[in-house]
Amino acid sequence: MLTVGLTLGLSLIIAAYYWLRQHYRYWEKLGLPHIPSTLIVGNVYDLLSSRSCAGEQFMTLHHHPAANGHDFVGIHVLHNHALLLRAPELIKRVLVSDFSKFGSRFARSDPVGDEIGALSLFFAQYDIWKEIRPIFSPLYTYGKVKQMYPLLTQVGYKLEEYMSTLKFDEETNSTVVEVKSMCALYTTDVIASVAFGIEANSLSNPKAEVRNKCIEVNDPRFKRLLHLFTMFFAPKLVGRVGTHIYSPEFEEFMRSFIKYAMDERMRSGAHPNDLVDVFLALKERTIPTAKADVMQKHDFFVAQAAFLLLAGFDTSSSTISFALYELARHPEMQRRLRAELLEALEKGDGVIDYEAVNALPYLRMVVDETLRLYPSNSFVERRCTAVEGYLLDSESGYRIPEGMPIYISILGLHRDERLWPKPLEFDPERFSPENRKLHTPMSYMPFGGGPRGCMGTMLAPMEIKAGLIHILKNYRVETCSLTPSEIKFNAKAFALAGDGGTRLSFVKDKIY
Ligand code: HEM
């Protein structure tokens with residue numbers, strides 16, 4: 001009896017092994033370029049074992065020798081057959097020209113157990129996304145960001161006040177600061193102010209509630225990492241794992257935060273045309289739409305607000321930190337930037353208004369180069385939604401089947417030496433007005449691309465530039481013994497961030 005059981009067990013293991021081997025030979029059998037993968041984990045072992053963050057993992061695959069010379073390469077993300085696109089023309093087809101066949105992300109949250117996650121603009125499936133996006137996009141256009149600029153400036157002055165209260169060494173006039181945490185105080189206050197019309201007071205009180213909740217929501221505890229990993233890479237399991245983007249405490253906090261913001265707005269009668277105004281208009285809307293019932297629920301507002309808060313503070317604070325890090329390492333670039341700021345301050349009698357910020361060429365070059373070398377959202381993905389599949393390549397005749405995930409490594413593209421010579425060097429000259437014209441289209445995409453690209457493409461650069469202006473007009477930034485000689489990315493963070501933080505020395509040196 002025991003022998004029969006053992007034989008049966010062994011046969012099952014051997015059969016499973018052969019089945020798995022066949023499964024993972026999918027690309028090989030099709031004769032398409034592919035990166036050899038390991039059973040069960042596929043090509044994402046480093047990510048799974050917390051050796052690298054998702055951005056670095058996809059960059060490693062983008063630069064893999066087996067991918068060399070190919071426009072696309074077959075990979076396995078766990079057990080999923082997936083494609084990694086490498087050629088800008090192909091990326092354009094998927095994100096822009098043939099968007100109708102790739103309108104949903106592969107990632108999603110549990111629509112039953114995590115309504116707040118599943119309804120957010122980022123995770124919403126195409127049929128609901130196409131109704132939500134046009135409602136919120138107008139909030140972040142060029143004209144709207146121009147209207148928001150005075151609010152950004154107000155927070156900028158609060159950042160100056162905050163920095164003036166730091167303890168400086170009397171002899172050297174300097175102090176060491178962990179920049180990412182400091183910049184996150186600024187970006188949290190900016191988003192709370194421009195989206196909700198609320199003063200979050202993170203800069204005046206770093207322990208203030210909104211800031212505390214934002215720190216908590218990004219805490220890389222095991223449960224959160226498991227949920228995020230499942231949502232992004234094994235979405236079929238979201239129901240079984242019971243994924244949630246946010247903790248119940250954060251959801252509760254956001255519910256009362258949004259209720260407070262809406263009540264305040266009704267009481268004050270003001271209409272700054274921001275996110276809260278859009279929520280109030282949706283609530284009162286009587287014209288039925290296909291998804292009207294969903295879009296009038298309080299949790300729908302909470303879903304959008306929570307995601308925008310998260311999207312707005314973490315990515316932008318990382319970018320300001322990386323820019324300061326590179327400026328500290330390149331004093332000649334910092335001198336040039338501060339000279340440009342001085343000229344603008346003199347012209348504007350101490351004020352750099354919206355038009356003036358947009359007219360600062362070197363500031364733009366520095367920010368764009370920072371987003372090239374450190375694109376805080378370092379990969380994008382889509383799911384093929386065409387029932388008939390999608391003809392990827394006429395030479396091989398390969399059709400991407402419905403449901404297959406498609407990945408694009410932004411970090412990989414931005415550090416691809418075919419597109420960016422000496423890619424690891426920080427060189428703002430790449431973005432001089434003359435050099436910009438030479439870029440290959442879709443080789444630079446810090447904000448993703450196409451109709452589902454980032455909604456903050458106007459707001460984020462302005463928020464970053466205003467932050468840099470308010471810091472650099474009063475301080476010179478230098479490396480110190482605690483500054484890493486190169487940035488190692490935090491393997492547990494979803495947006496790119498320096499591991500263990502980034503410490504820099506700020507020296508008092510007012511230019512105006
Ligand atoms: C440096 C700052 C930022 C970077 C690098 C960044 C980058 C990105 C990227 C790469 C995506 C995915 C796009 C795609 O799949 O093609 C994205 C999505 C998104 N971002 Fe940003 N982002 C930043 C700041 C912001 C800000 C300030 C907001 C707030 C308005 C924002 C709102 C969003 C939204 C709503 C989406 C989802 C869009 C959709 O699915 O329709 N982002 N962002």
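Quick look at the structure, then. All values derive from a computational prediction rather than experimental measurement.

## With respect to the overall build of the protein chain
Next up, step 1: Along the protein chain, the regular secondary structure elements total 22 helices and 9 strands.
Next up, step 2: Its C-alpha atoms give the protein chain a radius of gyration of 24 Å, near enough to 24 Å, the size a compact globule of 512 residues would have.
Next up, step 3: Relative to its full complement of 512 residues, the protein chain shows a buried share of 55%.
Next up, step 4: For the protein chain, the proportion of contacts with a sequence separation of at least 24, taken over those separated by at least 6, is 73%.
Next up, step 5: Side-chain charges of the protein chain comprise 58 positive and 59 negative groups, with the mean position of each set lying 4 Å from the other.

## Details of the state of the cysteines
Next up, step 1: Summed over all chains, the structure comprises 0 disulfides.
Next up, step 2: Residue Cys480 stays outside any disulfide, its sulfur separated by 15 Å from that of Cys183, the closest cysteine.

## Quick word on unusual backbone geometry
Next up, step 1: Even without being a glycine, Asn173 presents a positive backbone phi close to 60 degrees.
Next up, step 2: One non-glycine residue, Asp349, lies in positive phi territory at about 50 degrees.

## Some points on the sheet that holds strand β7 (residues 405-409)
Next up, step 1: With mixed pairing, the 4 strands of this open sheet are ordered in space as β1-β2-β7-β4. On the outer flanks of this sheet lie β1 (72-77) and β4 (379-383), each paired with one strand and no other. Taking the axes of each pair of neighbouring strands and ignoring which way they run, one obtains an average angle of 30 degrees across the sheet.
Next up, step 2: Relative to β4, helix α11 (residues 222-233) is tilted by about 50 degrees, and along the sheet it contacts β1, β2 (80-85), β4 and β7.

## Points about the environment of Val77
Next up, step 1: Assignment of secondary structure puts Val77 in strand β1.
Next up, step 2: With 157 residues separating them in the primary sequence, Val77 and Ala234 have C-alpha atoms 8.5 Å apart.

## Re the site of the ligand
Next up, step 1: Taken together, 31 residues form the shell around the ligand, and within it Arg105, Trp129, Arg133, Arg382 and Cys454 come nearest.
Next up, step 2: The contact in question runs from an oxygen atom of the ligand to an N or O atom on the side chain of Arg452, over 3.0 Å.
Next up, step 3: At the level of elements, α7 (126-136), α16 (298-329), β4 and α22 (459-472) are the ones that each hand at least two residues to the shell around the ligand.
Next up, step 4: In terms of residues, the shell around the ligand owes the most to one element, α16, which gives 7 residues.
Next up, step 5: In the shell around the ligand, the residues fall into 16 nonpolar, 10 polar and 5 charged.

## Describing the nonpolar core
Next up, step 1: In this structure, Phe136, Phe196, Phe233, Leu324 and Phe506 are the most contacted members of the largest nonpolar core, which totals 165 residues.
Next up, step 2: Tallying contributions element by element places α16 first for this core, with 18 residues.

## Quick look at the pairing of β2
Next up, step 1: Across the 6 residues that make up β2, a large majority, 6, are buried.
Next up, step 2: A two-sided burial pattern is seen for β2, the buried positions comprising Asn80, Ala82 and Leu84 on one face and His81, Leu83 and Leu85 on the other.
Next up, step 3: Across 6 bridges, β1 lies against β2 in antiparallel orientation. Bridged to Val73 within β2 is Leu84.
Next up, step 4: Hairpin connection, β1 to β2: the antiparallel pair is bridged by 2 residues, and Leu78 has positive phi, about 55 degrees.
Next up, step 5: Pairing between β2 and β7: 3 bridges, direction parallel. In the sheet register, Leu84 faces β7, and the bridge partner there is Tyr407.

## Structural notes on helix α4 (residues 54-62)
Next up, step 1: By the criterion of burial, α4 is predominantly enclosed, with 7 of the 9 residues buried.
Next up, step 2: What α4 keeps buried is the set Ala54, Gly55, Gln57, Phe58, Met59, Leu61 and His62.

## What to know about the environment of Arg105
Next up, step 1: The topology assignment puts Arg105 in the loop between α5 (88-97) and α6 (115-118).
Next up, step 2: With 279 residues separating them along the chain, Arg105 and Cys384 place their C-alpha atoms 8.7 Å apart.
Next up, step 3: Look past the residues within four positions of Arg105 in its chain and what remains in contact with it is Phe122, Gln125, Glu381, Arg382, Arg383 and Arg452.
Next up, step 4: Of the polar contacts made by the side chain of Arg105, one reaches the backbone oxygen of Phe122; its length is 2.8 Å.
Next up, step 5: There is a polar contact of 3.4 Å between the side chain of Arg105 and the backbone oxygen of Arg452.

## So, the packing of aromatic side chains
Next up, step 1: Under the defined criterion, the tally for this structure stands at 39 aromatic pairs.
Next up, step 2: A cation over a ring is seen here: Arg105 above Phe122, with NZ or CZ 3.9 Å from the ring centre.
Next up, step 3: Of note, Lys508 hangs over the ring of Phe168, and the distance from its end group to the ring centre comes to 4.7 Å.

## Quick word on a nonpolar patch on the surface
Next up, step 1: A surface patch of nonpolar side chains, amounting to about 420 Å² of accessible area, comprises Leu10, Ile14, Tyr17 and Tyr18.
Next up, step 2: With respect to the secondary-structure elements, Tyr18 resides in helix α1 (residues 2-24).

## Topic: the sheet that holds strand β3 (residues 174-178)
Two orientations exist for strands paired in a sheet by backbone hydrogen bonds: parallel and antiparallel.
Next up, step 1: Sheet architecture is open: 3 strands sit in the order β3-β9-β8, paired in antiparallel fashion. Only two strands of the sheet have a single neighbouring strand rather than two, namely β3 and β8 (475-478). Averaged over all neighbouring strand pairs, the angle between strand axes comes to 35 degrees, with direction disregarded.
Next up, step 2: Inspection of the sheet shows β3 paired to strand β9 (residues 503-508) by 5 bridges, in the antiparallel sense. Bridge assignment links Val177 to a residue of β9, and that residue is Leu504.
Next up, step 3: Strands β3 and β9 of the sheet are contacted by helix α9 (residues 179-196), whose axis makes an angle of about 75 degrees with β3.

## Re the environment of Ile464
Next up, step 1: Position of Ile464 among the secondary structure elements: in helix α22.
Next up, step 2: The exposure class assigned to Ile464 is buried, which follows from its relative accessible area of 2%.
Next up, step 3: In this structure, the C-alpha to C-alpha distance between Ile464 and Ala323, residues 141 residues apart in sequence, is 9.2 Å.
Next up, step 4: Aside from chain neighbours lying at most four places away, what touches Ile464 is Ser316, Thr319, Ile320 and Val367.

So, how was this worked out
- Residues numbered from 1 in each chain as written.
- Predicted model: local features only at pLDDT ≥ 70, side-chain atom pairs only at ≥ 80, totals over all residues.
- Heavy atoms only, no water.
- Helix = DSSP H or I, 4+ residues; strand = E, 2+ residues; numbered from the N terminus.
- Rg over C-alpha atoms; globule rule 2.2 N^0.38 Å.
- Buried < 20%, exposed > 50% of the residue type's maximum accessible area, 1.4 Å probe, protein only.
- Contact = heavy atoms within 4.5 Å.
- Lys, Arg positive; Asp, Glu negative; His and termini not counted.
- Charge placed at Lys NZ, Arg CZ, Asp CG, Glu CD.
- Disulfide = S-S within 2.5 Å.
- Pairing = 2+ DSSP bridges.
- Axes fitted to C-alpha atoms, helices over the stretch in contact; angles between N-to-C directions.
- Near = heavy atom within 4 Å.
- Polar contact = N/O pair within 3.5 Å; in protein donor to acceptor, adjacent residues only side chain to side chain.
- Nonpolar A, V, L, I, M, F, W, Y, C, P; charged D, E, K, R; others polar.
- Core = buried A, V, L, I, M, F, W, Y, C linked by side-chain atoms within 4.5 Å.
- Phe/Tyr/Trp six-rings, centres within 6.5 Å; stacked < 30°, edge-to-face > 60°.
- Lys NZ or Arg CZ within 6 Å of the ring centre and 35° of its normal.
- Patch = residues over 30% accessible without salt bridge, like charges linked within 9 Å, V, L, I, M, F, W, Y side chains within 5 Å.
- Areas by Shrake-Rupley, 256 points an atom, 1.4 Å probe, with all protein chains shown as cover.
- Salt bridge = Lys/Arg side-chain N within 4 Å of Asp/Glu carboxyl O.

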